[in-house]
Amino acid sequence: MTSMQRTPSSRTLVDPLSTGVPWTRSSERPKKRGKKRKTGMLEFGYQTNNETLHRAWNLFLGLSIALFCLPFLVIVAVLVYVDSGGPIIYRGARLGRNRVPFFLYKFRTLKPEAAEVTKNQVLPAGSGLETRIGRVLRETRLDEIPQLWNIIRGDMNLFGPRPVRAEIAQIYAQQIKHYDQRFLVKPGIVGHTQVFMPHGASKRIRARYNNILVKRPVNPVKEILFLAFVGSTALMKLALVFARALAAIPARRTPSEEQIGFHPQTFPGISIELCDRHNKVIARGAVTAISEESISFVTDLPVTEQSLAIRLRRNIRDGKARRAACIAHIRSHLIDGRQSAHAPSEPSPPAYVATYKTNSDFQKYLIDTYFTKSRFAGLN
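Please read all numbers here as calculations on a predicted model, not as lab measurements. Numbering of residues starts from 1 in every chain and runs along the sequence as written. With the structure being a predicted model, the display of local features is reserved for residues of pLDDT at least 70 and the display and counting of side-chain atom pairs for 80 or more, all residues being used for whole-chain, interface and lining totals. Water and hydrogen atoms play no part in the side-chain values, which are based on all heavy atoms of the structure.

**Quick word on empty space enclosed by the protein**
Of the grid points, spaced at 1 Å and generated over the protein atoms alone, those admitting a 1.4 Å probe that cannot get out make up cavities, while open sets with protein on both sides within 12 Å along at least five of seven lines make up pockets; any residue with an atom within 4 Å of a point is treated as lining. Grid points are joined across faces, edges and corners, and a volume is the space filled by probe spheres set on the points. Summed over all chains, the structure comprises two cavities of 30 Å³ or more. Considered as a void within the structure, the largest cavity measures approximately 60 Å³ in volume. Residue lining of the largest cavity: Tyr 46, Gln 47, Thr 48, Glu 51, His 54, Arg 97, Asn 157, Leu 184, Val 185 and Lys 186, and that is the complete set. What lines the second largest cavity is simply Leu 95, Gly 96, Pro 161, Arg 162, Pro 163, Val 164, Arg 182, Phe 183, Val 185, Lys 186 and Pro 187. In terms of residue class, the lining of the second largest cavity is built from seven nonpolar, one polar and three charged. Here the term charged refers only to Asp, Glu, Lys and Arg, the term nonpolar to Ala, Val, Leu, Ile, Met, Phe, Trp, Tyr, Cys and Pro, and the term polar to all other amino acids, Gly among them.

Dropping the structure here:
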């Protein structure tokens, strides 16, 4: 009597000395095939295996776009000169591949005194140092078009991490791990972090994303699609800016804005919960104004603590909501729109002004994206 018998119906084997449960050889079992990861239409990297072909490809793109944009370049140059006079083109030192310095060109968008302010830092938000036409160019990213000359010269590629000044790179290299990996490739006029992240996004998050992209291979087809996407987005922003100018839409201001001392963007529909050190909700209310560093709000109950945790919630389309958290320090009370360092003596709706900071880069990104950006004002 054999210990193993083959069933006639299949290649399955049965052990008669055991429970009789059929089993199959491992080599005959069907192999599970994992699903291939679908890459996005605009997902590609900056690393090339053939420098000569990649250089020729970027030279072709740079010359083609420059010829197409030549009439627009002339118009913008005239507008910059008429608006603020002085030099039309800004020329600044930047670090390229392998930290080799080069001069970057762009339309001048700042006043002359901005050079001292931005010496060792990026331009602070709300600095008021932008020219009138410069504000439009920076919002639509059209001030970067003269960098096509850098592509033709070979200093930059069309796509890559944004070039940085040596002083800024030295500071970030000490604060952000592996920040110098961005110098493995040439910088670019357009980058994924520039397109898909807001101005206030953390440099640490940008650096992590760039470190991933510098190791991914280039893809000319996806670069063309990405270029079409960026171009259409820039044109839409430009059309929106001109529509606002023609309609002369005034900026919304809060009654206490002058007394607060900062210039926030005020949006309805942002609710707030104030929590103590034990994460217990002690008051609820609504945000009346918020900027990148300060927040003003009204509450249903008076607040005595100076430092507390804040939870923000904003309703958007289809019943969805965005949430964020931060730590706030109350610096003053508001009484009828006037700032006071003490609580009001007469009964009135409690209103406060506070500075805030986040515990993580992700929370900072959420606040910058969903709570302080004007393009989300109509989503309530």
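After that view, the rundown keeps rolling.
**Looking at the pattern of salt bridges**
Two side chains of opposite charge can pair, provided their charged atoms sit close to one another. Salt-bridge detection follows one rule: a side-chain nitrogen of Lys or Arg within 4 Å of a carboxyl oxygen of Asp or Glu. Taken as a whole and judged by the stated rule, the model has nine salt bridges. Between Arg 99 and Asp 180 there is a salt bridge whose closest N-O contact spans 3.0 Å. Here the residue Arg 99 occupies a position in the loop between strand S3 (89-95) and strand S4 (101-107), and Asp 180 occupies one in the loop between helix H5 (166-175) and strand S6 (188-190), the gap between them amounting to 81 residues. Each residue's exposure class comes from its accessible area (1.4 Å probe, protein chains only) as a fraction of the maximum for that residue type: buried when under 20%, exposed when over 50%, partly exposed otherwise. The class of Arg 99 is partly exposed, set by a relative accessible area of 33%. Runs of E in the DSSP output that reach at least two residues are strands. Runs of H or I that reach at least four are helices, and both are numbered from the N terminus.

**As for helix H3 (residues 132-140)**
Burial in H3 covers these residues: Ile 133, Gly 134, Val 136, Leu 137 and Thr 140. Each buried residue of H3 sits inside an arc of 160 degrees when the element is viewed along its axis, so together they form one side. Polar contacts, as used here, are pairs of N or O atoms within 3.5 Å; protein pairs need one atom able to donate a hydrogen and one able to accept it. Residues neighboring in sequence count only if both atoms are side-chain atoms. At the N-terminal boundary of H3, the capping side chain belongs to Thr 131, with an oxygen 2.9 Å from the backbone nitrogen of Gly 134. Positive backbone phi, approximately 65 degrees, marks Arg 141, located one or two places after H3. The arc in question is the one traced by the directions running from the helix axis out to the C-beta atoms.

**Overview of a nonpolar patch on the surface**
Here a patch means residues that are over 30% exposed by relative accessible area and free of salt bridges, tied together within 9 Å if like-charged and within 5 Å if nonpolar (Val, Leu, Ile, Met, Phe, Trp, Tyr). Using a 1.4 Å probe, the Shrake-Rupley method yields the accessible areas, and only the shown protein chains count as cover for residues. On the surface, a cluster of nonpolar side chains totalling about 500 Å² of accessible area is made up of Leu 70, Val 74, Val 78, Tyr 81 and Val 82. By the secondary structure assignment, Val 74 is in helix H1 (residues 51-84). Accessibility expressed as a relative area gives 48% for Val 74, which makes it partly exposed.

**Let's talk about the packing of H1 against H3**
For any two helices packed against each other, the geometry comes down to the angle between their axes and how far apart the axes lie. Where helices are involved, their axes are fitted lines through C-alpha atoms of the stretch in contact, as for all axes, and angles between N-to-C directions lie from 0 to 180°. Two elements in contact, H1 and H3, have axes separated by 8 Å at closest approach and are oriented at 140 degrees. The angle between the axes of H1 and H3 places the two elements in the oblique class. From H1, Val 76, Leu 79, Val 80 and Asp 83 reach across to H3, where they touch Arg 132, Ile 133 and Leu 137. The residue makeup of the contact of H1 with H3, split by class, is five nonpolar, no polar and two charged. The cut-offs work like this: below 35 degrees is roughly parallel, past 145 is roughly antiparallel, 65 to 115 is roughly perpendicular, and the gaps in between are oblique. Only heavy atoms matter for contacts: two residues are in contact if any of them lie within 4.5 Å across the pair.

**Re the side chain of Asn 150**
By the element assignment, Asn 150 lies in helix H4 (residues 148-153). Here Tyr 105 takes part through its backbone nitrogen, which lies 3.2 Å from a polar atom of the side chain of Asn 150. Look past the residues within four positions of Asn 150 in its chain and what remains in contact with it is Phe 102, Phe 103, Leu 104, Tyr 105, Asp 155 and Met 156.

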